[in-house]
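One letter stands for each residue in the lines below.
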Amino acid sequence: MNVLVTGGAGYIGSHTCVELLDQGFGVVVIDNLVNSSAKAIERIEQITGKHVDFYQEDVRNRAALDRIFEKHDIGCVIHFAGLKAVGESVHMPLEYYDNNLFSTVRLCEAMRDHGVRDIVFSSSATVYSSENPIPWKETYITGNCTSPYGWTKYMSEQILRDTTKAVDDFSVSLLRYFNPIGAHSSGLIGEDPRGIPNNLMPFISQVAIGRRDHLNIFGNDYDTPDGTCVRDYIHVVDLARGHVAAIDYMKKHRGESVFNLGTGMGYSVLDMVKAFERVTGVKIPYEIAPRRPGDLPAFYANPDKSAKLLNWHAQYNLDDMCRDTWAWQSKNPMGYGEE
Ligand code: NAD
Ligand code: UDP
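Please read all numbers here as calculations on a predicted model, not as lab measurements.

Asks: Hey, could you go over the nonpolar core for me, with residue numbers and the actual values?
Replies: Of all hydrophobic cores here, the largest spans 41 residues; its most connected members are Val 5, Leu 20, Val 27, Val 120 and Ile 247. For this core, the elements supplying multiple residues, two or more each, are strand E1 (2–6), helix H1 (11–22), strand E2 (26–30), helix H2 (39–48), strand E4 (74–79), strand E6 (171–177), helix H8 (236–252) and strand E11 (256–261). When residues no more than four places from it in sequence are discounted, the contact partners of Val 120 are Cys 76, Val 77, Ile 78, His 79, Ser 173, Leu 175, His 243, Ala 246, Ile 247 and Met 250.

Asks: Account for the site of ligand 1, with residues named and values stated.
Replies: Lining the immediate environment of ligand 1, one finds 28 residues, of which Asp 31, Asn 35, Ser 36, Phe 80 and Tyr 149 sit closest. Here Asn 35 contributes a side-chain N or O atom positioned 2.7 Å from an oxygen atom of ligand 1. Note that an oxygen atom of ligand 1 is positioned 2.8 Å from one of the side-chain N or O atoms of Lys 153. Here ligand 1 has 820 Å² of accessible area as a free molecule, and 95% of this is covered by the chains. Among the elements that make up the shell around ligand 1, the one with the highest residue count is strand E5 (residues 118–124) (three residues). Here the residues of the shell around ligand 1 sort into 12 nonpolar, 10 polar and six charged.

Asks: Lay out the sheet that holds E2 in plain terms, naming residues and giving numbers.
Replies: Strand order in this open sheet of seven strands is E3-E2-E1-E4-E5-E6-E11, and the pairing throughout is parallel. Looking at the sheet topology across the chains shown, the edges are occupied by strand E3 (53–55) and E11. On average, adjacent strands in this sheet sit at an angle of 20° to one another, irrespective of strand direction. Against the sheet, helix H6 (residues 148–166) engages E5, E6 and E11, with an angle of about 155° to E5.

Asks: Residues and numbers for H1, please.
Replies: Helix length check: H1 (12 residues) gives 17 Å between terminal C-alpha atoms against 16 Å at 1.5 Å per residue, within 8%. With 11 of 12 residues buried, H1 lies mostly within the body of the structure. Looking at the residues trailing H1, positive phi occurs at Gly 24, about 95°.

Asks: Residues and numbers for the site of ligand 2, please.
Replies: Around ligand 2, 16 residues are found, and the nearest of them are Asn 216, Cys 229, Arg 231, Arg 292 and Asp 295. Interatomic distance of 2.9 Å between a side-chain N/O atom of Asn 179 and an oxygen atom of ligand 2. Contact distances for ligand 2 include 2.9 Å between an oxygen atom and a side-chain N or O atom of Arg 292. Protein coverage of the free-state accessible area of ligand 2, which is 520 Å², stands at 90%. Every element with two or more residues in the shell around ligand 2 is listed here: helix H7 (200–208) and strand E8 (215–218). The dominant element in the shell around ligand 2, judged by the number of residues it contributes, is E8, at four residues. Across the shell around ligand 2, the residue classes tally to nine nonpolar, four polar and three charged.

Criteria and thresholds
Residue positions are given per chain, counting from 1 as you read along its sequence in written order. To label them, take the chains in the order written and letter them from A, then take the ligands in the order written and number them from 1. Under the rules for a predicted model, residues below a pLDDT of 70 receive no local features and side-chain atom pairs below 80 are neither given nor counted, while totals for whole chains, interfaces and linings still include all residues. Side-chain measures here rest on the full set of heavy atoms in the structure, leaving out hydrogens and waters. For our purposes a nonpolar core is just a set of buried Ala, Val, Leu, Ile, Met, Phe, Trp, Tyr and Cys residues, chained together by side-chain atoms within 4.5 Å. Burial classes follow relative accessibility: with a 1.4 Å probe on protein chains only, a residue under 20% of its type's maximum area counts as buried, one over 50% as exposed, and anything between as partly exposed. Note on conventions: DSSP H or I runs of at least 4 residues are helices, E runs of at least 2 residues are strands, and numbering of each starts at the N terminus. The criterion used for residue contact is that any of the two residues' heavy atoms lie within 4.5 Å. Working definition: residue near molecule or strand if any one of its non-hydrogen atoms lies within 4 Å of it. Two N or O atoms count as a polar contact when they lie within 3.5 Å, although within protein this holds only if one can serve as hydrogen donor and the other as acceptor, and sequence-adjacent residues are included solely when both atoms are side-chain atoms. Each accessible area is a Shrake-Rupley estimate made with a 1.4 Å probe; only the visible protein chains count as cover when residues are assessed. Gly falls in the polar group here, along with every residue not listed as nonpolar (Ala, Val, Leu, Ile, Met, Phe, Trp, Tyr, Cys, Pro) or charged (Asp, Glu, Lys, Arg). Strand pairing follows a simple DSSP-based rule, namely that at least 2 bridges must link the two strands. Each axis is a line fitted through C-alpha atoms, and for a helix only the stretch in contact is used; angles between axes span 0 to 180 degrees, taken between their N-to-C directions. Take the number of residues in a helix, subtract one, and multiply by 1.5 Å to get its expected span.

Rendered as structure tokens:
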């Protein structure tokens, strides 16, 4: 079966392409490269020894989608394409709503018109309302999002749910990711943020490689064991495998499904710094900085539903995540910008 992967040149998309190809799926990628490099596609092919059909196009371009659906026999879509910087979305809400919502709408229209019925969607833990007790379960309340980015995920989920009700046999698996980090163990693909990284792990690894002086830890006075924020970090390869499990699940379970993809373990910012130092032997200088607006003190997943219904479990631990992040960063100090 061929899978159309939107945003397949990006961080999570590229790792998912590798897992799909390794498991015998054909892969067609559409990505406009707004936040990625075509080199990722070459690297996917290098790792797997298999070909990827790549289209550098915008998912909002309906004519491009029509051409792709006509040319390839697509059995399923995985929709990663989107803008994802929380802080940027506060300053550029219209660009985020335009990109993230219209890409979802155009894709659903094209799927409806071309008879493609299965879609896996990259949602996020950010859709959960902060009032929920932790760990978060799929049944908990969503909404009250704290950024336009979060609202685009919330609204995209609704667009997909409504399409599932309206289009015969349409099925969606909404995957709510926690904090993906790490890289493929080959060190050939990984996360390559443009500009100053917003997320913790890319920032730590750029300090380690000497691109940044020190890490700013945003707040150490939270009500958590060491005062720094707690998150559920998940190896990107585990996350990628969750998508393959969701495709299998949809074969037998039509309609809407929603799954958390997290480990169920919470680690603090200081835990992450210490683990990275221990695994890599590289010191990470840090300073305590003011809290980052909008940060929640702690959240992590209850992954029981994914374990039970998808038969999916995160297999990699924090040491694996640190080791593989460092393999990627040390082999590619400037990401895909340097061979
Ligand atoms: P990424 O930026 O590396 O990948 C997204 C890809 O989509 C990029 O290659 C980008 O060029 C492409 N893209 C964006 N808009 C497009 C458009 N209109 N048409 C075609 N291509 C387009 O991000 P990622 O970390 O791999 O995230 C993938 C998905 O997972 C995103 O939807 C993101 O919101 C979601 N997600 C990510 C995280 C995370 O922490 N990384 C957490 C939860 C959810
Ligand atoms: N963080 C930090 N310094 C950084 C980036 C992040 O202290 O340079 C903290 C941030 O405040 C949060 C945690 O690391 O508590 C994870 O942040 P990230 O942006 O990676 O994930 P999110 O907050 O979106 O879950």
